[in-house]
Amino acid sequence: MSRVRQVALALAVVTFVGAAPVGAAAGGAPSLTVVPSTFSPATGALAVSASVGSAQPLGLQLASADGRPLGWISAPERRQLLSVFWDGLLDGTPVPDGRYRVRLVGGGDVIASARLTLDGRTPALTGIEADNEGTPFDGDGPLLTTISPNGDGFRDRAAVRFRLSEPAVVTLEAARTVQALGPPVSTETRSLPAGQHTWFWTPAAALLPRTYVLRLIVRDAAGNRSEYGALSARVGRYPRAPVVRVQGVDASFERASYAPGELARLRVASDADSLAVQFFRSGPEHVQTGSDNVMNGVPVSGTVEVGWANRIHAPATIQLGIGPWPSGLYFARLTSSDGRVGYAPFVLRPPRLGTSRVAIVLPTTTWQAYNFYDENGDGWGDTWYAGAPHQTVRLGRPFLRRGVIPFFRRYDLGFLHWLAWEKKDVDYLADSDLAFVPDGDALAGAYDLVIFPGHTEYVTEHLFDVVERYRDAGGNLAFLSANNLFWRIASERGVLRRAGLWRTLGRPESALIGVQYIGNDQGSRQGPFVVRALGAAWLWDRTGLEAGGTFGEFVGGYGIEIDAVTPASPQGIEVLAELPDLFGPGKTGQMTYYETPAGAKVFAAGALDFGGSATFWPVSRMLDNLWARLSVP
């Protein structure tokens, strides 16, 4: 019996025992207890107990409400006590719903009886709809509505409407989703009669903007239960529940990168009266970022006020001029007149390739793959990580968490700080910018070193080809994360689809990177690197590290996803440090380095979060040493 059924039965026992059972009397008179008095075979068993003063032929009979015998629940036999759990069947046939009497028969006579209602029907909600009381936003429909609970009296709450088939207890749970339904952000339960109902949901003003599933759970007096809203995008057995989009300032640039002086198109969805827009550069700031829904940076422009009162019912696009700023990662910060904030990041690429001799390639495509922003309003992020039926990713969407890049604070920001604080002269590129590089020779002509600092998991065939040829032409590479060049993706009109693992397509990524992905434990186990080889003495120079020494304790260790060498790794590859048996025996993360006959030097960190620790000692010193060796031909 499930826990829900046990709880329902326990409640029924308490309710029934609170009143005197039919037939109970002093002096050993017959007694009969039936729990619960309203019973559904689908939710558990009917518990019946009886006793008489002395042993006799004693049986339990089911009769109609008017007293017509229907059959034996327990046939008569000589006994003084009787205890039965009944499954709702007589002679193997289900008893129809209705009103009945359970009768205690002793010595051929009915000596006690109790009323019983048998109800196997599941309570139902029909005509479920959601709205914001008359001012729909573009894309809203019967099961999707948009609100902004800021207390201004406009779209402050969602109305959920439905018809209830019978009296029942209804629970409304509002929950966010990722790969499964998360813990409720609010829960409310009401006892409702049959008929039409309207239920208002007014979330707290501090609730983060995103879509929320309003899951409905219905339970009747017999314990029959129905649910509306899936627990996972992969589970489709539940009818759909209403979805409410709590709107903030959802903003995104149409392209991942721009050149200085270009006009950038920024798409914004908000119902604010006005927006204040300002550009910032991420990296040079000496400000601690303590939240995954905040971006900090150094302002590079003044604030522009944009009237928005005429654009509160649908997304709109504005054009903004990009200044003559240095190449880097930038973002527009949009602040609404009521204090809501949204961020729209983009890469500012150099005026031409090779403006500097080192290129930093940011994983803008993979950022979108991990973006759980729910554009279609079904309650689930539009990414294959949410599960079926989501199989594609559209580029150009706003990022969830007010526009902040997924995992940015942990995986990417530290290295941007290191580059800016150390005043490194570099070109920043979006990985999608490599689509416009004709081949690896052109890349090698522009750059001595190409660094992939973040998690570049999803790449096109052209990118893989360009990077591989760049290495073969003698170009130096550094991979500061793990699980790079893992999936081949196809891109058509800004929509991405996975097209297979590179290793199963005959091009194992370890042949290029040196190592490749072997595991992910979501960060439940992390550990320090152990120095293994001192052949690459240049890497450990002035770090104080020796063979057997460890580093990484200062950030709680490394891991999350790890890489290791394979038989396809280049000859002569050297394992510099390891995360020994991090995910179990033999599941060891490895930091590696190799050189090619053409003179290419290739470093791979082997752990997902290595680059994010760039400003901590001794990693900052290791990066200085790495830069000195790889940034020259």
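Since the structure is predicted, the reported quantities are computational estimates derived from the model, not experimental observations. (Residues numbered from 1 in each chain as written. Predicted model: local features only at pLDDT ≥ 70, side-chain atom pairs only at ≥ 80, totals over all residues. Heavy atoms only, no water.)

**Structural notes on the sheet that holds strand E14 (residues 195–201)**
Reasoning step 1: Spatial strand order, E9-E11-E14: 3 strands in an open sheet with antiparallel pairing. Both outer strands of the open sheet, strand E9 (125–131) and E14, are each paired with one neighbouring strand and no more. The average angle at which neighbouring strand axes cross in this sheet is 15 degrees, direction not considered.
Reasoning step 2: Here 7 bridges tie strand E11 (residues 158–164) to E14, and the two strands are oriented antiparallel to one another. Bridge pairing in E14 links Ala 158 to Trp 201. (Pairing = 2+ DSSP bridges. Helix = DSSP H or I, 4+ residues; strand = E, 2+ residues; numbered from the N terminus. Axes fitted to C-alpha atoms, helices over the stretch in contact; angles between N-to-C directions.)

**Section: the packing of aromatic side chains**
Each aromatic ring pair is characterised by the separation of its centres together with the angle its planes make.
Reasoning step 1: Counted by the stated rule, this structure contains 32 aromatic pairs.
Reasoning step 2: For the ring pair Phe 279 and Trp 325, a centre distance of 5.2 Å and an interplane angle of 55 degrees mean the geometry is tilted. Of the two residues, Phe 279 sits in strand E21 (residues 274–282) while Trp 325 sits in the loop between strand E24 (316–321) and strand E25 (328–336), which places them 46 residues apart along the sequence. Pair check on accessibility: Phe 279 and Trp 325 agree, each one buried.
Reasoning step 3: Centroid distance Trp 325 to Tyr 330: 5.4 Å. Interplanar angle 25 degrees. Geometry classified as stacked.
Reasoning step 4: Residue Trp 325 is classed as buried on the basis of its relative accessible area, which comes to 14%.
Reasoning step 5: By relative accessible area, which is 0% here, Tyr 330 ends up buried.
Reasoning step 6: Against the face of Trp 487 rests Arg 498, its NZ or CZ located 4.7 Å from the ring centre. (Phe/Tyr/Trp six-rings, centres within 6.5 Å; stacked < 30°, edge-to-face > 60°. Buried < 20%, exposed > 50% of the residue type's maximum accessible area, 1.4 Å probe, protein only. Lys NZ or Arg CZ within 6 Å of the ring centre and 35° of its normal.)

**Digging into the nonpolar core**
Reasoning step 1: Formed by 55 residues in total, the largest nonpolar core has its most connected members in Phe 551, Met 591, Phe 603 and Phe 610.
Reasoning step 2: Looking at which element gives the most residues to this core, the answer is helix H9 (residues 619–630), with 6 residues.
Reasoning step 3: Setting aside anything within four residues of it in sequence, one finds Phe 551 in contact with Pro 528, Phe 529, Val 531, Trp 540, Leu 545, Tyr 558, Ala 577, Met 591, Phe 610, Pro 618, Val 619 and Met 622.
Reasoning step 4: Ala 359, Val 459, Leu 477 and Phe 479 belong to the second-largest nonpolar core, a separate cluster that totals 26 residues. (Core = buried A, V, L, I, M, F, W, Y, C linked by side-chain atoms within 4.5 Å. Contact = heavy atoms within 4.5 Å.)

**Examining the confidence of the model for the protein chain**
Any region with low pLDDT has predicted coordinates that should not be read closely.
Reasoning step 1: Overall, the predicted model of the protein chain reaches an average pLDDT of 93, with 95% of residues at or above 70.
Reasoning step 2: Ignoring residues within four places in sequence, the model shows residues 1–27, a span with pLDDT below 50, making 31 contacts including any to other chains. (pLDDT = per-residue confidence, 0-100.)

**Some thoughts on the pairing of strand E30 (residues 449–452)**
Reasoning step 1: Alternating residues of E30 divide into Leu 449 and Ile 451 and Val 450 and Phe 452, and every residue in both groups is buried.
Reasoning step 2: With 3 bridges connecting them, strand E27 (residues 358–362) and E30 associate as parallel partners. Of the residues in E30, the one forming a bridge with Ile 360 is Ile 451.
Reasoning step 3: Sheet topology places E30 next to strand E32 (residues 476–479); 4 bridges connect them, and they run parallel. Across the sheet, Val 450 pairs through a bridge with Leu 477, a residue of E32.

**Thoughts on unusual backbone geometry**
Reasoning step 1: Along the chain, Val 35 connects to Pro 36 via a cis peptide bond; the corresponding omega equals 0 degrees.
Reasoning step 2: As for its position among the elements, Pro 36 is in the loop between strand E1 (31–35) and strand E2 (38–39).
Reasoning step 3: Residues Ala 388 and Pro 389 are joined by a peptide bond in cis, for which omega reads 5 degrees.
Reasoning step 4: In this structure, Pro 389 sits in the loop between helix H2 (364–369) and strand E28 (392–394).
Reasoning step 5: Of note in this structure, Arg 542 is not a glycine but carries a positive phi near 60 degrees.
Reasoning step 6: By the element assignment, Arg 542 lies in the loop between helix H8 (537–540) and strand E38 (550–551).
Reasoning step 7: We classify Arg 542 as exposed; its relative accessible area is 58%.

**What about the layout of surface pockets?**
Reasoning step 1: Volume-wise, the largest pocket comes out at about 1200 Å³.
Reasoning step 2: In terms of lining residues, the largest pocket is bounded by 44 residues, among which Asp 292, Phe 407, Arg 409, Arg 410 and Tyr 411 are the most central.
Reasoning step 3: Counting only elements with at least two residues in the lining of the largest pocket, the list comes to H2, helix H3 (408–411) and helix H4 (413–421).
Reasoning step 4: In the lining of the largest pocket, the residues fall into 21 nonpolar, 15 polar and 8 charged.
Reasoning step 5: The space that makes up the second largest pocket amounts to roughly 660 Å³.
Reasoning step 6: Considering the residues around the second largest pocket, the lining is formed by 36 residues, among which Ala 256, Thr 364, Thr 365, Leu 395 and Ser 432 are closest to the centre.
Reasoning step 7: Mapped onto the lining of the second largest pocket, the elements with two or more residues apiece are strand E18 (250–253), strand E26 (341–348), H2, strand E31 (458–459) and strand E33 (487–492).
Reasoning step 8: Taken together, the residues of the lining of the second largest pocket break down into 21 nonpolar, 9 polar and 6 charged. (1 Å grid on protein atoms, 1.4 Å probe; cavity = no way out; pocket = protein on both sides within 12 Å on 5 of 7 lines; lining within 4 Å. Points joined across faces, edges and corners; volume = space filled by probe spheres on them. Nonpolar A, V, L, I, M, F, W, Y, C, P; charged D, E, K, R; others polar.)

**Here's the deal with the sheet that holds E24**
Strand pairs in the sheet, formed through backbone hydrogen bonds, run parallel or antiparallel to each other.
Reasoning step 1: Read from one edge of the open sheet, 3 strands run E18-E20-E24, paired in antiparallel fashion. Each having just a single partner strand, E18 and E24 make up the two edges of the open sheet. Sheet twist, expressed as the average angle between the axes of neighbouring strands with direction ignored, equals 30 degrees.
Reasoning step 2: Where E18 lies against strand E20 (residues 263–269), 4 bridges are found, and the strand directions are antiparallel. Across the sheet, residue Asp 250 finds its bridge partner in E20, namely Ala 269.

**Observations regarding helix H6 (residues 461–472)**
Reasoning step 1: Given a rise of 1.5 Å per residue, 12 residues ought to cover 16 Å, and the 16 Å separating the end C-alpha atoms of H6 matches this to within 8%.
Reasoning step 2: Within H6, the full set of buried residues consists of Leu 463, Phe 464, Val 466, Val 467, Tyr 470 and Arg 471. Taken end-on, H6 shows its buried residues confined to a sector of 165 degrees, consistent with a single buried face. (Expected span 1.5 Å × (residues − 1). Arc of directions from axis to C-beta.)

**Considerations on the pattern of salt bridges**
Reasoning step 1: If you walk through the whole model with that rule in mind, you get 28 salt bridges.
Reasoning step 2: A salt bridge links Glu 227 to Arg 225; the nearest nitrogen and oxygen atoms lie 2.9 Å apart.
Reasoning step 3: As a salt-bridge pair, Glu 461 and Arg 488 come within 3.2 Å of each other at their nearest N and O atoms. Residue Glu 461 is located in helix H6, and its partner Arg 488 is located in strand E33; the two are separated by 27 residues in the primary sequence.
Reasoning step 4: With relative accessibility at 36%, the residue Glu 461 sits in the partly exposed group. (Salt bridge = Lys/Arg side-chain N within 4 Å of Asp/Glu carboxyl O.)

**Let's talk about the side chain of His 390**
Reasoning step 1: Mapping His 390 onto the fold places it in the loop between H2 and E28.
Reasoning step 2: The buried category is assigned to His 390, whose relative accessible area is 7%.
Reasoning step 3: At 2.9 Å, the side chain of His 390 and the side chain of Asp 378 are in polar contact.
Reasoning step 4: Residues in contact with His 390, not counting those within four places in the same chain, are Ala 233, Asp 378, Trp 380, Gly 381, Asp 382, Thr 383 and Trp 384. (Polar contact = N/O pair within 3.5 Å; in protein donor to acceptor, adjacent residues only side chain to side chain.)

**Focus: the side chain of Ser 148**
Reasoning step 1: Position of Ser 148 among the secondary structure elements: in the loop between strand E10 (144–147) and E11.
Reasoning step 2: The class for Ser 148 is buried, based on a relative accessible area of 2%.
Reasoning step 3: A distance of 2.5 Å separates a polar atom in the side chain of Ser 148 from a polar atom in the side chain of Asp 271.
Reasoning step 4: When residues no more than four places from it in sequence are discounted, the contact partners of Ser 148 are Phe 154, Arg 155, Asp 156, Gln 247, Asp 271 and Arg 340.

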